[in-house]
Amino acid sequence: MKVLHINSGLEKGGGLFRIVNLLTEAKNENEAFELLTLAEGPVTQAAKKAGIKTKVLGTKNRYDLTALNRLVNYINKHNFDIVHTHGARANLYLSLIHKRINAKWVITVYSDPLKDFSGRGVIGNVFTKLNLNALKKADGVFAITQNFSDLLVNKIGVSKTNICVIYNGIFFHKDEKIPSKYAHPYFNIINVARAEKIKGQDLLLKAIKAIDNPDIQLHIVGDGSELNNLCALARDLGITNKVTFHGFLNHEQIIELYRKMDLAVLTSYSESFPLVLLEASDNLVPILSTNVGDIRKMIPDDNHGLVVEIGNEQEIEKKIEKTYSLDKEKLWQMAKIEKAYLANTFSMANQLAAIKNYYQILLGDN
């Protein structure tokens with residue numbers, strides 16, 4: 001079974017690691033998976049570094065549709081059985097050529113497609129419509145969480161029989177391979193997320209203001225359209241001495257930062273199955289999240305982490321204070337329990353097995 005994965009190549013952060021991790025696991029299992037990026041970018045570079053067979057189509061810009069014929073020829077010439085797209089731009093390209101290729105076409109939906117381009121005006125509305133149209137054309141769709149599967153069926157009109165629910169995975173490390181923690185004077189909270197309204201970082205800043213505890217420090221990692229507004233909000237709230245905006249950090253830099261973190265917090269209004277929390281748990285940092293997606297599959301009870309209702313600033317405040325009040329040993333045990341559970345349930349091997357099984361169903365092998 002030959003499989004071609006397609007992405008714009010410009011993803012970074014979670015999108016990059018989802019693709020590269022999956023293809024790395026496939027390489028480890030000697031599967032005939034390849035990557036094609038529409039342009040040279042972070043995904044291309046990370047894939048090549050990981051030893052993944054990678055082709056760059058070489059589009060001239062985001063709207064270069066002249067590459068469509070080259071894409072059709074490449075897919076058909078190399079006899080791929082499955083073409084698997086990641087991201088709205090790749091979805092658009094395949095929606096325009098899917099009737100001209102011999103392979104089955106599948107898409108992975110990592111986020112709410114109704115909100116992916118929110119706040120981008122007319123262009124955002126056009127891209128949203130094009131992406132929704134692509135989802136309905138594909139032979140199959142992977143939905144990261146049951147919540148997204150229900151949304152695809154009920155609000156977008158994707159056939160339920162065309163959807164397979166899977167969950168993100170990562171490569172978990174043995175505890176002895178995790179860098180030891182630094183001694184640090186504060187109770188450090190980390191939020192790793194794009195600086196966008198949908199991530200709810202304003203709620204986290206307001207909670208830090210309300211808690212008013214000089215021992216609690218917040219570290220926000222990520223860039224985006226809301227970064228300047230969040231910095232301004234921190235100034236207006238008078239908490240600039242309690243908040244550090246790191247901007248974009250690469251994976252190695254984030255791992256280093258985890259060495260002095262006591263709690264990882266995600267305050268999003270919408271998520272699929274957040275890799276950043278899996279990464280935090282792998283690094284033995286306890287996790288707290290809003291009740292997004294299928295988060296209860298990741299945090300089944302209070303022994304494994306903490307869950308608050310979406311948009312509830314007061315509950316975020318209370319749960320942070322509760323975590324701060326726990327002794328270090330209790331926090332350490334929570335992190336250990338959560339990691340053991342996640343590593344057993346959401347490994348890359350498990351994710352790849354589920355994906356291959358659905359490929360075989362589409363090809364009529366099951």
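Keep in mind that what you see is a predicted model, and the values were worked out from it rather than measured.

Considerations on the overall build of the chain
Line of reasoning, step 1. On a plain count of helices and strands, the chain comes out with 14 helices and 13 strands.
Line of reasoning, step 2. Over its C-alpha trace the chain gives a radius of gyration of 21 Å, about what one expects of a compact globule, namely 21 Å for 366 residues.
Line of reasoning, step 3. With the C-alpha coordinates aligned to their principal axes, the bounding extent of the chain is approximately 60 × 45 × 35 Å.
Line of reasoning, step 4. Residues counted as buried form 53% of the 366 residues belonging to the chain.
Line of reasoning, step 5. Pairs at least 24 residues apart make up 69% of the contacts formed inside the chain by residues separated by at least 6 positions.
Line of reasoning, step 6. For the chain, the exposed area adds up to about 16200 Å²; of that, 49% sits on carbon and sulfur atoms.
Line of reasoning, step 7. Across the chain, the mean location of the 45 positive side-chain charges is 7 Å away from that of the 39 negative side-chain charges.

Things to note about the side chain of Thr-128
Line of reasoning, step 1. Relative to the assigned elements, Thr-128 resides in helix H5 (residues 121-137).
Line of reasoning, step 2. Among all residues touching Thr-128, those that are not within four sequence positions of it are Pro-113 and Phe-117.

Structural notes on the pattern of salt bridges
Line of reasoning, step 1. Summed over all chains, the structure comprises 12 salt bridges.
Line of reasoning, step 2. Between Lys-356 and Glu-31 there is a salt bridge; the shortest N-O distance is 2.8 Å. Note that Lys-356 is positioned in helix H14 (residues 348-362) and Glu-31 in the loop between helix H1 (14-28) and strand E2 (32-37), a separation of 325 residues in sequence.
Line of reasoning, step 3. The class for Lys-356 is buried, based on a relative accessible area of 18%.
Line of reasoning, step 4. The salt bridge involving Lys-339 is made with Asp-175; its shortest N-O contact spans 2.9 Å.

Considerations on the sheet that holds strand E9 (residues 216-221)
Line of reasoning, step 1. Taken together, six strands build an open sheet; the order of strands is E10-E9-E8-E11-E12-E13 and the sheet is parallel. Looking at the sheet topology across the chains shown, the edges are occupied by strand E10 (243-247) and strand E13 (306-308). Strand-to-strand twist of the sheet, defined as the mean angle between neighbouring strand axes without regard to direction, takes the value 20°.
Line of reasoning, step 2. Looking at chain direction, strand E8 (residues 187-192) and E9 are connected through six bridges and run parallel. In the strand pairing of E9, Phe-187 is matched with Ile-216.

Let's talk about the nonpolar core
Line of reasoning, step 1. Grouped together as the largest cluster of nonpolar side chains are 53 residues, with contacts concentrated most on Phe-142, Ile-190, Tyr-258, Leu-278, Met-298 and Tyr-359.
Line of reasoning, step 2. Ignoring any residue separated from it by four or fewer positions in sequence, one finds Met-298 in contact with Phe-273, Pro-274, Leu-277, Leu-278, Ile-287, Glu-338, Tyr-341, Leu-342 and Phe-346.
Line of reasoning, step 3. The next biggest cluster of nonpolar side chains, apart from the first, holds 34 residues, and it includes Leu-38, Leu-57, Leu-94 and Val-158.

Details of H14
Line of reasoning, step 1. The first and last C-alpha atoms of H14 sit 21 Å apart over 15 residues, in line with the 21 Å expected at 1.5 Å per residue.
Line of reasoning, step 2. When we look at burial in H14, the residues that qualify are Met-348, Gln-351, Leu-352, Ile-355, Lys-356, Tyr-358, Tyr-359 and Leu-362. Within H14, the buried residues cover an arc of 160° as seen down the axis, which keeps them to one side.
Line of reasoning, step 3. Directly after H14, the chain includes Gly-364, whose backbone phi takes a positive value near 80°.

Quick look at a nonpolar patch on the surface
Line of reasoning, step 1. On the surface, a cluster of nonpolar side chains totalling about 250 Å² of accessible area is made up of Val-122, Val-126 and Leu-130.
Line of reasoning, step 2. Looking at the element boundaries, Val-122 is found in helix H5.
Line of reasoning, step 3. Here Val-122 falls in the exposed class, since its relative accessible area comes to 64%.

Overview of helix H8 (residues 227-237)
Line of reasoning, step 1. Considered for burial, the residues of H8 that qualify are Leu-227, Leu-230, Leu-233, Ala-234 and Leu-237. Buried residues of H8, viewed axially, fall in a sector of 120°; they line one side. In H8, those exposed residues whose orientation departs by more than 90 degrees from the buried face are Asn-228, Arg-235 and Asp-236.
Line of reasoning, step 2. Summarising the contacts, the buried residues of H8 are in contact with helix H7 (201-211) and E10.
Line of reasoning, step 3. In the stretch just after H8, Gly-238 is the one whose phi turns positive, near 70°.

Section: a positive patch on the surface
Line of reasoning, step 1. Together, Lys-55, Lys-60, Arg-70 and Lys-77 line one region of the surface with positive charge.
Line of reasoning, step 2. Among the secondary structure elements, Arg-70 is positioned in helix H3 (residues 68-77).

About the thresholds
Residues numbered from 1 in each chain as written. Predicted model: local features only at pLDDT ≥ 70, side-chain atom pairs only at ≥ 80, totals over all residues. Heavy atoms only, no water. Helix = DSSP H or I, 4+ residues; strand = E, 2+ residues; numbered from the N terminus. Rg over C-alpha atoms; globule rule 2.2 N^0.38 Å. Buried < 20%, exposed > 50% of the residue type's maximum accessible area, 1.4 Å probe, protein only. Contact = heavy atoms within 4.5 Å. Areas by Shrake-Rupley, 256 points an atom, 1.4 Å probe, with all protein chains shown as cover. Lys, Arg positive; Asp, Glu negative; His and termini not counted. Charge placed at Lys NZ, Arg CZ, Asp CG, Glu CD. Salt bridge = Lys/Arg side-chain N within 4 Å of Asp/Glu carboxyl O. Pairing = 2+ DSSP bridges. Axes fitted to C-alpha atoms, helices over the stretch in contact; angles between N-to-C directions. Core = buried A, V, L, I, M, F, W, Y, C linked by side-chain atoms within 4.5 Å. Expected span 1.5 Å × (residues − 1). Arc of directions from axis to C-beta. Patch = residues over 30% accessible without salt bridge, like charges linked within 9 Å, V, L, I, M, F, W, Y side chains within 5 Å.

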